[in-house]
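For reference, the chains in residue letters:
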Amino acid sequence: VEVCSLKMLRTLGVLVVLACSSIYVSAVPKCIGECNSGDQGDYMCTSECYTSNENLLCSCEDLPFVDGKAVCKDKDDEECAIVPEPNDAVENEAGCRAACAAADDCGAYIFDQIINANRCRLIKECQSQQEAAVPTPCTDCLSGRNCHTCPTLTYTAGATNIHWICDSSGDAYNNEAVEGTKCTPTHRCQIDGDDEAIPAEIECKSPEGGSDMGTWSVGDTPFDEKNCDTQCPCSKITIPKSEDTNLFCDSAEQPVDDANGNWEIDGSTTCDVVCDGQIFIPISCKFNEDGTKTAWHIAYGGQDIILDENTKCFSCSGSNCENDGSTTPEPTTPQPTATEPPTTGSTTQTTESKP
């Protein structure tokens, strides 16, 4: 971000000088891979870390040796004592990581080679190349930083429940996602007139206030991972009770009785409308092809028939819906001609349980 200001310089006249300075707004470099626990119980992830001199805690090199030990210096080139076993720290990346985990205030490490000498740098935080003002990328650096994970998402099954796809290895339902992980919904829909009821993205963010666990958020707003798989509902549809109609549902909870003594289903379950005890017609709420809306579907004559979004009643006999005071538009998908299905307004009488 470039910020400019006007400065007034007075000599013989007035000279206006435009002074510009650059302000770098850098995010913490993202974890590459999983956030794993080390021998000390520390959680670190591989990350592309750089450091400025002010960010340096201690730098250990294995040349030259002093009394058989690698030399460790701080940012002021003074001896630093936060690494009790310097030789272990410079032996390999694992030793450097362990040294960081054991040192107070160490938030990241960088292991590399300089002039045939191994070097382990313990730093306060993982900085980006831009933030550290390092002119060229480091091609042989092995680095990592402290990290946090977010709780697993709670999976809720349902034909019209949205689920989350994340830009990380594994899924966030069985694995704790590392901070920086972003997830997008499988579907979008309007709920109670709100087009933004399903967020476009959620992100696992670092904890605040000393917590060890990260938090799921939508921007700066916390997101409830336990109730994340929201159901995109269909509008309620009435199944008028009649002698020629029965209804069986796959849910333990049967459809509710509305104010007129008929049945209502809301899309939370799949049901079979049974006409004259001979014809079974599955009716269920499903997503449309682009995953942005839900609609009632019936299966009849080998076809998937989509009912019009204004359909309020379904019956084996159209007159049942008319008697109920409901008007039911025809399905938006043409009905099969081989066998006449119930009119859009087919009635379904519900029994307590399927025999």
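About the thresholds
- Residues numbered from 1 in each chain as written.
- Predicted model: local features only at pLDDT ≥ 70, side-chain atom pairs only at ≥ 80, totals over all residues.
- Heavy atoms only, no water.
- Pairing = 2+ DSSP bridges.
- Helix = DSSP H or I, 4+ residues; strand = E, 2+ residues; numbered from the N terminus.
- Axes fitted to C-alpha atoms, helices over the stretch in contact; angles between N-to-C directions.
- Buried < 20%, exposed > 50% of the residue type's maximum accessible area, 1.4 Å probe, protein only.
- Polar contact = N/O pair within 3.5 Å; in protein donor to acceptor, adjacent residues only side chain to side chain.
- Disulfide = S-S within 2.5 Å.
- Core = buried A, V, L, I, M, F, W, Y, C linked by side-chain atoms within 4.5 Å.
- Contact = heavy atoms within 4.5 Å.

A. Main features of the sheet that holds strand E13 (residues 215–218). What the five strands build is an open sheet, ordered E10-E11-E12-E13-E14; its pairing is antiparallel. Of all the strands in the sheet, the pair left with one neighbour each is strand E10 (164–166) and strand E14 (221–222). With three bridges connecting them, strand E12 (residues 202–205) and E13 associate as antiparallel partners. Considered in E13, the bridge of Lys-205 is made with Thr-215.

B. Representation of the sheet that holds strand E20 (residues 279–287) within the structure. If you trace the five strands from one edge of the open sheet to the other, you get E16-E19-E20-E21-E22, paired in antiparallel fashion. Both outer strands of the open sheet, strand E16 (245–249) and strand E22 (303–306), are each paired with one neighbouring strand and no more. On average, each strand axis in the sheet is inclined to that of its neighbour by 30°, with strand direction left out of account. One ladder, built from five bridges, connects strand E19 (residues 271–275) with E20; its direction is antiparallel. Looking across to E20, one finds that Val-273 is bridged to Ile-281.

C. Main features of helix H2 (residues 93–102). Residues Gly-95, Cys-96, Arg-97, Ala-99 and Cys-100 constitute the buried set of H2. For H2, the N-terminal cap is Asn-92; the gap from its side-chain oxygen to the backbone nitrogen of Ala-94 is 3.3 Å.

D. Quick peek at the state of the cysteines. Going through the model one piece at a time under the given rule, you end up with 15 disulfides. Through a disulfide, Cys-60 is tied to Cys-72; the S-S separation comes to 2.0 Å. The S-S bond linking Cys-60 to Cys-72 shows a torsion near 110°; that makes this disulfide right-handed. You can see Cys-60 sitting in strand E5 (residues 56–66) and its partner Cys-72 sitting in strand E6 (residues 69–73), a full twelve residues away along the chain. Pair check on accessibility: Cys-60 and Cys-72 agree, each one buried. Disulfide partner of Cys-249: Cys-271, at an S-S distance of 2.0 Å. Judged by the sign of its S-S torsion, about 100°, the bond between Cys-249 and Cys-271 is right-handed. Highlighted residues: Cys-249 in strand E16 and Cys-271 in strand E19, separated in sequence by 22 residues. According to the relative accessible area criterion, Cys-249 is buried, its value standing at 10%. Unpaired in this structure, Cys-228 has its nearest cysteine sulfur neighbour in Cys-183, at a distance of 9.1 Å.

E. Layout of the nonpolar core. Counting 20 residues, the largest nonpolar core has Val-273, Ile-283, Trp-296 and Phe-314 as the members making the most contacts within it. Of all the elements in the fold, those that place two or more residues in this core are strand E15 (237–239), E16, strand E18 (263–265), E19, E20 and strand E21 (294–300). Other than its neighbours up to four places away in sequence, Trp-296 contacts Cys-234, Ser-235, Ile-237, Ile-265, Asp-266, Gly-267, Ile-283, Ser-284, Cys-285, Ile-305, Ile-306 and Leu-307.

F. Representation of the pairing of strand E8 (residues 117–123). Judged by how many residues are buried, E8 sits mostly within the fold: seven of seven residues are covered. Every second residue of E8 is oriented toward a common face, with Ala-117, Arg-119, Arg-121 and Ile-123 on one face and Asn-118, Cys-120 and Leu-122 on the other, all of them buried. Here seven bridges tie strand E7 (residues 108–114) to E8, and the two strands are oriented antiparallel to one another. Counterpart to Tyr-109 in the pairing with E8 is Leu-122. With antiparallel pairing between neighbouring strands as the criterion, E7 and E8 make up a hairpin whose turn holds two residues, including Ile-115 at a positive phi of roughly 50°.

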